Amino acid sequence: MSKAIRYDKTGGPEVMKWVDVEVGEPGEGEVRLRQSACGLNYIDVYFRTGLYPQPLPAGLGMEAAGEVTAVGSGVSTLKVGDRVAYVGRPPGAYAQERVLRAEQLIKLPDAISDEAAASIMLQGLTAQYLLRRTYRVKAGDTILIQAAAGGVGLLVCQWAKALGATVIGTVGSDEKAAIAKAHGCDHPIVYTREDFTARVREITNGAGVPVVYDSIGKDTYTKSLDCLAPLGMFVSFGNASGPLPPIDSSEFAGRGSLFFTRPTLFSYIAKRADYEAMAAELFEVVASGKVKTSINQRYALKDVGQAHADLEGRKTTGSTVLLP
Ligand SMILES: NC(=O)c1ccc[n+]([C@@H]2O[C@H](COP(=O)([O-])OP(=O)(O)OC[C@H]3O[C@@H](n4cnc5c(N)ncnc54)[C@H](OP(=O)(O)O)[C@@H]3O)[C@@H](O)[C@H]2O)c1
C-alpha cells in the first residue's frame, strides 16, 4: 500500500487528505515511479479551490521526480533504476508512487538532483517558454515580471538577466524585494506601496516595456497594460488574485496595437520533441549556474495543507518541494 493526497470536494487546504492508495503495475507504455520529491505550484491551488474544475474524487500536483521501479511492455527508453522527472496531467503528483506513461518522463542528468528537478519542471519550463518562445527576450530589452520573488518569478529574473535584459519586477514586501534583487531583478518595486506603472515609466524614460509577464491577473491587469510600449505584448500567464475581466479589445487598440496572449505550459510541451528540447535547455542553464534553483520551503507531503496556506498567504518565496 502506498500513500497519496486526494480530495473529494473543493475548498480550503483542509479538503486534502493523506490516504492509502493502490498503485498497481504499469501497463503497456507505462512505468511505475517511487517519487522522492514533488513540486508545489499555484495551479494546485486553482484545482483545490475549483477555479480549475476536474471530476472528483481526484489527486493533486503536476510534477515530481523519482526513480523508475517497474517498466510495462513496449517501453524501451527507460529501465528500472533510472532517475526521472515530469510535469504533466492529470493532477496526481502528490503521491509516494505513481504509474505514468513513459512519454511523460524526462531522464535526469547527474547535475540535477531529484529535489532540484521537482522544483523546476513546471516553473522552470514555464520560464523557458515565456522568455524564449512567447516573447523572445533579447539583450538590451527591459521587461516587467509580476510576483518576481515567487517560484516562476525568481527563475525568470535570473534567466532574463542571463539573456542580457534589464529586469523590473513587482514584489509584495521589502524582504521579497531583497530576494528578487539577489536573483537578477535590477528594479524590484514593492507594489503594495509604490505605483508600479509610474515606476516602470520612470525607469524606461517614459517609453514603457515591450513585454509584461503577468501572473497576478485581476488586481494588476489594467496597470500592467499601462506599462507597455506600443506593439508591446501582454502575457497573462496566471491569476493568483483572480481571473481577468472579460477582454475588451479597445484596451489593446487604444494603448498602441498591443498583443495579448494567455499561454499555458501544457500547450508548449504538447509535442514530445518540444518537451525534451525545453527540458534540455532548462537543465543546461541550471547546471551551468546561470540560473539557480531556490528551494526556500520544504514540507512533508502529508503536511501539504500548511504548504498551500503559506503559498496562498503570500508567505513563500522561490520554489517549494513536498517530501513524500
Ligand atoms: N500559464 C502557465 O503556464 C503557468 C505556469 C506556471 C505558473 N503559472 C502561474 O504563475 C504564477 C506564479 O506561480 P508560482 O507557483 O510560481 O507561485 P508564486 O509566484 O510563488 O506565488 C504567488 C505569488 O503571487 C503574488 N500574489 C499577488 N496577489 C496575490 C493574491 N491575491 N494571492 C496570492 N498571491 C498573490 C504573491 O507574491 P507577492 O507577495 O510578491 O505579491 C505570491 O507569493 C501563478 O499565477 C501561476 O498560476 C502559470
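The shown structure was predicted, so the numbers you read here are calculated from the model rather than taken from an experiment.

Trainee: Now, about the packing of aromatic side chains: what can you tell me, with residues and values included?
Mentor: For the structure shown, the criterion picks out eight aromatic pairs. Summarising the aromatic geometry, the rings of Phe234 and Phe260 are spaced 5.9 Å apart at their centres and angled 25° between planes, so their arrangement reads as stacked. Of the two residues, Phe234 is situated in strand β13 (residues 228-236) and Phe260 in strand β14 (residues 259-261); the sequence distance between them amounts to 26 residues. Classification of Phe260 as partly exposed rests on a relative accessible area of 34%. Following the ring pairs from residue to residue traces out a cluster consisting of Tyr42, Tyr46, Phe47 and Tyr52. Above the ring of Phe196, the side-chain terminus of Lys223 is found at 5.0 Å from the ring centroid.

Trainee: Any chance you could break down the UniProt feature "domain: Enoyl reductase (ER)" (unreviewed entry) in the protein chain for me, citing the residues and the numbers?
Mentor: In the numbering used here, UniProt assigns the feature "domain: Enoyl reductase (ER)" (unreviewed entry) to residues 11-322. Secondary structure over residues 11-322 splits into 31% helix and 26% strand, and the C-alpha atoms at its two ends are 20 Å apart.

Trainee: Residues and numbers for helix α1 (residues 42-49), please.
Mentor: In terms of burial, α1 is a largely internal element, six of the eight residues being buried. When we look at burial in α1, the residues that qualify are Ile43, Asp44, Val45, Tyr46, Phe47 and Arg48. Contacts made by the buried residues of α1 are with β1 (2-7), β3 (30-39), α2 (114-134), α8 (265-268) and α10 (304-312). Just beyond α1, the residue with positive phi is Gly50, at close to 95°.

Trainee: For the pairing of β13, give the residues involved together with the corresponding values.
Mentor: Burial of β13 is extensive: seven of the nine residues sit out of reach of the surface. Both strand β12 (residues 209-214) and β13 contribute to a ladder of five bridges, which runs parallel. What sits directly across from Val212, in β13, is Phe234. Strand direction decides the pairing type here: β13 and β14, joined by three bridges, are parallel. Its bridge partner lying in β14, Phe234 is registered against Phe260. A crossover links β13 with its parallel partner β14, the connecting element being helix α7 (residues 249-254), and its sense is right-handed.

Trainee: So what's going on with the site of the ligand? Residues and values would help.
Mentor: Inspection of the region around the ligand gives 29 residues, with Tyr129, Lys176, Tyr191, Phe237 and Leu265 positioned closest. Gln123 has a polar side-chain atom sitting 3.3 Å from an oxygen atom of the ligand. A distance of 2.9 Å separates an oxygen atom of the ligand from a polar atom in the backbone of Gly151. If you count residues domain by domain, the shell around the ligand takes at least three from each of domain 1 (2-121 + 294-323) and domain 2 (139-262).

Calculation notes
- Sequence order sets the numbering: in each chain, residues are counted from 1 along the sequence as written.
- The predicted origin of the model limits local features to residues at a pLDDT of at least 70 and limits the giving and counting of side-chain atom pairs to 80 or more, whereas totals for whole chains, interfaces and linings rest on all residues.
- For the side-chain quantities, the full set of heavy atoms in the structure was used; hydrogens and water were omitted.
- Stacked, edge-to-face and tilted are the three classes for Phe, Tyr and Trp ring pairs, Trp counted by its six-membered ring, which pair at centre distances within 6.5 Å; planes under 30 degrees apart are stacked, over 60 edge-to-face, the rest tilted.
- Here a helix means four or more residues in a row that DSSP labels H or I, a strand means two or more in a row labelled E, and each is numbered from the N terminus.
- Remark: exposure states derive from per-residue accessible area (1.4 Å probe, protein chains only) relative to the maximum for the residue type, with buried under 20%, exposed over 50%, and partly exposed in between.
- Should the NZ of a Lys or the CZ of an Arg lie within 6 Å of a ring centre and within 35 degrees of the ring normal, that charge is described as sitting over the ring.
- UniProt positions are given in the numbering used here, feature names are shortened, and annotations may be inferred rather than shown by experiment.
- Contacts: residue pairs with any heavy atoms within 4.5 Å of one another.
- When DSSP locates at least two bridges between a pair of strands, those strands are taken to pair.
- Crossover handedness is defined here as right-handed if the route from the first strand over the helix to the second strand goes clockwise, with the strands pointing away from the viewer.
- For this purpose, a residue is taken to be near a molecule or strand whenever a single non-hydrogen atom of the residue falls within 4 Å of it.
- In protein, a polar contact requires one atom able to donate a hydrogen and another able to accept it; more generally it is a pair of N or O atoms within 3.5 Å, and residues adjacent in sequence count only if both atoms are side-chain atoms.
- An automatic or database domain assignment provides the domain bounds reported here.

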